[in-house]
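Descriptive structure summary
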Amino acid sequence: MNLEEISQQLSSKKIVKNSHIFKIWVKLSFQEKKLKFGEFLFEKSNSIYDVTKKLINGDVVFRKLTIVEGSSKYKLLNILKEIDPKSSLKYDDIGDMIVADTYNYQITDSAEKILNDIRKISNDFSQKIWSERDQTIPLNSVNEIFILASIVEKETSVKDEKPIISGVFFNRLNKNMRLQSDPTVIFAITEGKYKLKRKLTRKDLKVKSVHNTYVNKGLPPKIIGFPGKDSLLSVTFPKKSDLLYFVSKNKGGEHYFSSNYKQHLKNIKASKDEKK
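Now for a description of the structure that goes with this document.

**Focus: the overall build of the protein chain**
The secondary structure content of the protein chain amounts to 10 helices and four strands. Tracing the protein chain from N to C terminus, the helices and strands come up as α-α-α-β-α-β-α-α-α-α-α-β-β-α. Relative to a compact globule of 276 residues, whose C-alpha radius of gyration would be 19 Å, the protein chain shows 26 Å and is clearly more extended. By principal-axis analysis of the C-alpha atoms, the protein chain measures approximately 85 × 40 × 35 Å. Burial analysis of the protein chain (276 residues in total) assigns 42% to the buried set. Expressed as a percentage of contacts within the protein chain between residues at least 6 apart in sequence, the contacts between residues at least 24 apart total 60%. Within the structure as shown, the protein chain displays about 16,400 Å² of accessible surface, and the carbon and sulfur contribution to it stands at 52%. Both charge centroids of the protein chain, one from 51 positive and one from 33 negative side chains, sit 5 Å from each other.

**Quick look at helix 3 (residues 48-57)**
Every α-helical turn comprises 3.6 residues, leaving residues that sit three or four positions apart pointing alike. Buried within helix 3 we find Val51, Thr52, Leu55 and Ile56. Angular distribution of buried residues about the axis of helix 3 spans 130°; they occupy a single face of the element. On its buried side, helix 3 packs onto helix 1 (3-12) and helix 2 (19-28). With its phi angle positive at about 70°, glycine 58 sits one or two positions after the end of helix 3.

**Some thoughts on helix 6 (residues 142-155)**
With 14 residues, helix 6 extends 20 Å between its outermost C-alpha atoms, agreeing within 8% with the 20 Å of an ideal straight helix rising 1.5 Å per residue. Here helix 6 lies mainly inside the structure; 11 of its 14 residues are buried. Contacts from the buried residues of helix 6 go to helix 5 (111-131), helix 7 (162-174), helix 8 (182-190), helix 9 (229-236), strand 3 (245-248) and strand 4 (255-258).

**Digging into the nonpolar core**
Of all hydrophobic cores here, the largest spans 44 residues; its most connected members are Leu65, Ile67, Leu76 and Leu80. Listed by contribution, the elements that provide at least two residues to this core are helix 4 (73-83), strand 2 (102-105), helix 5, helix 6, helix 7 and helix 9. Ranked by the residues each element gives to this core, the list is headed by helix 6, at eight residues. Residues contacting leucine 65, with those up to four places away along its chain left out, are Leu76, Ile79, Leu80, Ile83, Asp101, Thr102, Tyr103, Tyr105, Ile114 and Ile118. Judged by nonpolar contacts, the second largest core, of 14 residues, contains Leu10, Ile15, Val26 and Val51.

**Examining unusual backbone geometry**
The residue glutamine 180 is not glycine, and still its phi comes out positive at about 50°. If you trace the backbone, glutamine 180 turns up in the loop between helix 7 and helix 8. By relative accessible area, glutamine 180 is classed as partly exposed at 37%. With phi around 55°, glutamate 191 is a residue other than glycine that occupies positive phi space.

**A look at the environment of asparagine 104**
Relative to the assigned elements, asparagine 104 resides in strand 2. The exposure class of asparagine 104 is partly exposed, given its relative accessible area of 46%. It is 4.7 Å that separates the C-alpha atoms of asparagine 104 and lysine 64, two residues lying 40 residues apart in sequence. Residues contacting asparagine 104, with those up to four places away along its chain left out, are Phe62, Arg63 and Lys64. Separated by 3.2 Å, the side chains of asparagine 104 and lysine 64 make a polar contact.

**Points about the pairing of strand 4**
Bridge analysis of strand 3 against strand 4 gives four bridges, and the strand direction is antiparallel. What sits directly across from tyrosine 245, in strand 4, is serine 258. Here strand 3 hands over to strand 4 after six residues, with asparagine 250 in that stretch at a positive phi of 65°.

**A closer look at the environment of lysine 249**
Of note, lysine 249 is situated in the loop between strand 3 and strand 4. Residues lysine 249 and arginine 119, spaced 130 residues apart in sequence, show a C-alpha to C-alpha distance of 36 Å. When near neighbours in sequence (up to four residues on either side) are disregarded, lysine 249 contacts Glu254, His255, Tyr256 and Glu274.

**Remarks on the pattern of salt bridges**
Per the counting criterion, the structure on display carries 11 salt bridges. Residues lysine 113 and aspartate 117 are paired through a salt bridge, measuring 2.8 Å at the closest nitrogen-oxygen approach. In this pair, lysine 113 and aspartate 117 are both assigned in helix 5, four residues apart and thus about one turn of the helix distant. Residue classification places lysine 113 among the partly exposed residues on the basis of a relative accessible area of 39%. A salt bridge links aspartate 204 to arginine 198; the nearest nitrogen and oxygen atoms lie 2.7 Å apart. Relative accessible area serves as the criterion here: at 10%, aspartate 204 is assigned to the buried category.

**Points about the environment of leucine 89**
Within the secondary structure layout, leucine 89 lies in the loop between helix 4 and strand 2. Distance in space between the C-alpha atoms of leucine 89 and histidine 255 is 39 Å, their sequence separation being 166 residues. Setting aside its immediate chain neighbours within four residues, leucine 89 contacts Leu77, Leu80, Lys81, Ala111, Glu112 and Leu115.

Calculation criteria
- Residues numbered from 1 in each chain as written.
- Predicted model: local features only at pLDDT ≥ 70, side-chain atom pairs only at ≥ 80, totals over all residues.
- Heavy atoms only, no water.
- Helix = DSSP H or I, 4+ residues; strand = E, 2+ residues; numbered from the N terminus.
- Rg over C-alpha atoms; globule rule 2.2 N^0.38 Å.
- Buried < 20%, exposed > 50% of the residue type's maximum accessible area, 1.4 Å probe, protein only.
- Contact = heavy atoms within 4.5 Å.
- Areas by Shrake-Rupley, 256 points an atom, 1.4 Å probe, with all protein chains shown as cover.
- Lys, Arg positive; Asp, Glu negative; His and termini not counted.
- Charge placed at Lys NZ, Arg CZ, Asp CG, Glu CD.
- Arc of directions from axis to C-beta.
- Expected span 1.5 Å × (residues − 1).
- Core = buried A, V, L, I, M, F, W, Y, C linked by side-chain atoms within 4.5 Å.
- Polar contact = N/O pair within 3.5 Å; in protein donor to acceptor, adjacent residues only side chain to side chain.
- Pairing = 2+ DSSP bridges.
- Salt bridge = Lys/Arg side-chain N within 4 Å of Asp/Glu carboxyl O.

Fair warning: the whole summary comes from geometry, so function is off the table for now.
This is the structure in structure tokens:
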């Protein structure tokens, strides 16, 4: 916007009383070229000096974009497209190593800029936790931390359980056991494109997919959803134990844990009894 347009808008919104006086003030004080673009918030009563100062300082309003823990790349792509309908971003542009969190952006930012800012902030965090991680965990890269954290994110919303579940998965990896995580089966079926509105079946557990940890050993090739900071930290500092199994209690999202299959079967029965 040029000075004339800015003056008219400030006047129409009753931020300044007289657009002509505001325009003259800006020109006489040689401030015209110093005005910043962006989205600004003004209180009802403003002096011309205060309005000009805010525009020169670039005290813009920041909007918030929240990536929900466990949400998919498709969801983030849709959010970015809503903010910037002209964007040419595609699914493959999103990337795996993004932390589910709340990020600031300006109304003038393109989807590409917002995504790049998210990537940078996520990278700074991920590099920090990688350098500070428990060196005994059997992972070879930041990407692998994100993959396992994305599974943990889907397995539990209980913060205190996340390091325990991470520890279970590491115990299974160390014993060359399959992770056998239901959320990976769901992702194998939906690929994150939609929500599976039914329970998994025994047949589902056998579905042929690189993401299905019931049929493949080790980690899936990519994340199954964006992990939050708690899940990422739980992977870099897992709870040390001899636990190998867990099953939902069906109460508050908590789980029963066990170190042997016999106890695991008992926990499964207890879980089923809770449903009755």
